[in-house]
Amino acid sequence: MQYLKKEIRDRILAAAVDEFKEQGYADASIRNIANNAEISLGNIYRYYDNKEALYFAVINPFMESIKEFFDNEFSFTDKSMKEISEMLISFIMQYNDELLIICKGNTVHYGTFVGYIIDVIAGKVRELIQSVFPEIDSKIKNPEFCTVVAEGFLTSFFKVLKCSDSKETQERNARELISFYFGHMKDRFENFDVD
C-alpha cells in the first residue's frame, strides 16, 4: 500500500511540474493537475493542502539542489572556462523544468527564489574574478558589481529558457551567454580603469 501512495505522489508532482511550467503559478489549475495525474481532485488535497504547498513541493528540492551544487560541486579552482561552462550547462539541462517554473513564477515567492539564485551566482562571479584577477577590489569600487552582473546574466538566461527552442539550441545559447558574461575575465580587467 505504501508503494501506491508514493506512486500517486510522484504522479501528482509530475503533473504539477508540467502545469506550472506551462501555465505559471497564478494560472495553474489544481483540477488540471488532478486530471493529468489521473486522480480525483479531492485526492490531491490528501497529499497537499493547497496549490502553494504543491508548488513548494516542486520547487524546494530544486532550491536545495542549487545550494548543494554551488556549495559543494561548482568551483573555479583548476578548471578551464570550458569545463565550468559544461558543468553549468549540465546542471541547467538537468533542472530545465524547474528553472522554467521559476521563470514563470509570478508569485510572491518569485523574488525570494530569484534573489537567492542571484546571490549564489554573485558569489561565484566574485570568486571567478578574484581567481583570475586578485587585485579586483582596487579596481572596482561598486559593492554591488557582482550582484548586477549576476542579475544581468540570470535575466538573459531566463530569456534563453523561455524560448521554445530545442534542447540543443538552448544549450548552445546558454554556452554563448556563459562565455559572454564570464569568459576572458582576466583580459577584461587587466586594463580596467574608470578613474
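This structure is a prediction, so every number in the text was calculated from the model and none was measured.

### A short note on the nonpolar core
- Judged by nonpolar contacts, the single largest core of 67 residues is most densely connected at I12, F20, I33, I102, F157, F158 and F182.
- Tallying contributions element by element places helix α7 (residues 110-132) first for this core, with ten residues.
- The residues contacting F20, other than those within four sequence positions of it, are Y25, A28, I33, K51, L54, Y55, V58, I101 and K104.

### A look at the packing of helix α4 (residues 51-73) against helix α6 (residues 96-103)
- Their axes nearest at 10 Å, the elements α4 and α6 cross at an angle of 120°. In terms of orientation, α4 and α6 fall into the oblique class. Relative to α6, α4 is oriented so that their crossing is left-handed. Packed against α4, whose contacting residues are Y55, V58, I59, F62 and M63, the element α6 presents E98, L99, I101 and I102 at the interface.

### Overview of empty space enclosed by the protein
- Per the stated rule, a full pass over the model turns up one cavity of 30 Å³ or more.
- Its boundaries defined by the atoms lining it, the largest cavity holds a volume of some 250 Å³.
- Taken together, 20 residues line the largest cavity, and the ones lying closest to its centre are F70, L88, I92, I121 and F153.
- The set of elements that each furnish at least two residues to the lining of the largest cavity consists of α4, α5 (81-94), α7 and α9 (145-162).
- Looking at side-chain class alone, the lining of the largest cavity contains 19 nonpolar, no polar and one charged residues.

### Some details on the packing of aromatic side chains
- This model, assessed by the stated rule, comprises ten aromatic pairs.
- Between the aromatic rings of F20 and Y25, the centroid separation amounts to 6.1 Å while the plane-to-plane angle is 20°, which identifies the pairing as stacked.
- In this structure Y25 comes out as buried when scored by relative accessible area, which is 18%.
- A ring pair is formed by F91 and Y95, whose centres lie 4.9 Å apart and whose planes are at 50°; its orientation type is tilted. Like Y95, F91 is buried.
- The rings of F20, Y25, Y55 and F56 are connected pair by pair, giving a single aromatic cluster.
- Taking NZ or CZ as reference, K51 lies 4.8 Å from the ring centre of Y25, over its face.

Rules used throughout
- Starting from 1, residues in each chain are numbered consecutively following that chain's sequence as written.
- The model is predicted, so local features are restricted to residues of pLDDT at least 70 and side-chain atom pairs to those at 80 or more, both for listing and for counting; the totals for chains, interfaces and linings are taken over all residues.
- Side-chain numbers here rest on the full set of heavy atoms in the structure, without hydrogens or water.
- Take the buried residues of types Ala, Val, Leu, Ile, Met, Phe, Trp, Tyr and Cys, join any two whose side-chain atoms come within 4.5 Å, and each joined set is a nonpolar core.
- Categorising residues by exposure relies on relative accessible area from a 1.4 Å probe, with only protein chains included: less than 20% of the type maximum marks a residue as buried, more than 50% marks it as exposed, and the intermediate range marks it as partly exposed.
- Secondary structure is summarised from DSSP: a helix means a run of H or I of at least four residues, a strand means a run of E of at least two, and numbering begins at the N terminus for each.
- When checking whether two residues touch, look at their non-hydrogen atoms; a contact exists if any pair is within 4.5 Å.
- In this description, a line fitted to the C-alpha atoms serves as the axis of each element, helices being fitted only across the stretch in contact, and the angle between N-to-C directions of two axes falls anywhere from 0 to 180 degrees.
- Should an angle fall under 35 degrees it is taken as roughly parallel, and over 145 as roughly antiparallel, whereas 65 to 115 is taken as roughly perpendicular and any remaining angle as oblique.
- Each crossing gets its hand from how the near helix is turned against the far one by less than a right angle, where anticlockwise is left-handed and clockwise is right-handed.
- Throughout, the protein atoms alone are placed on a 1 Å grid, and a set of points is a cavity if a 1.4 Å probe fits but cannot get out or a pocket if it is open with protein on both sides within 12 Å along at least five of seven lines; lining residues have an atom within 4 Å of a point.
- Grid points are joined across faces, edges and corners, and a volume is the space filled by probe spheres set on the points.
- Amino acids are sorted into nonpolar (Ala, Val, Leu, Ile, Met, Phe, Trp, Tyr, Cys and Pro), charged (Asp, Glu, Lys and Arg) and polar (every other residue, Gly among them).
- Think of it this way: a Phe, Tyr or Trp ring, Trp meaning its six-membered ring, pairs with another when their centres are within 6.5 Å, and the plane angle makes it stacked under 30 degrees, edge-to-face over 60, tilted otherwise.
- Comment: the charge-over-ring label is applied if NZ (Lys) or CZ (Arg) is within 6 Å of the ring centre and within 35 degrees of the ring normal.

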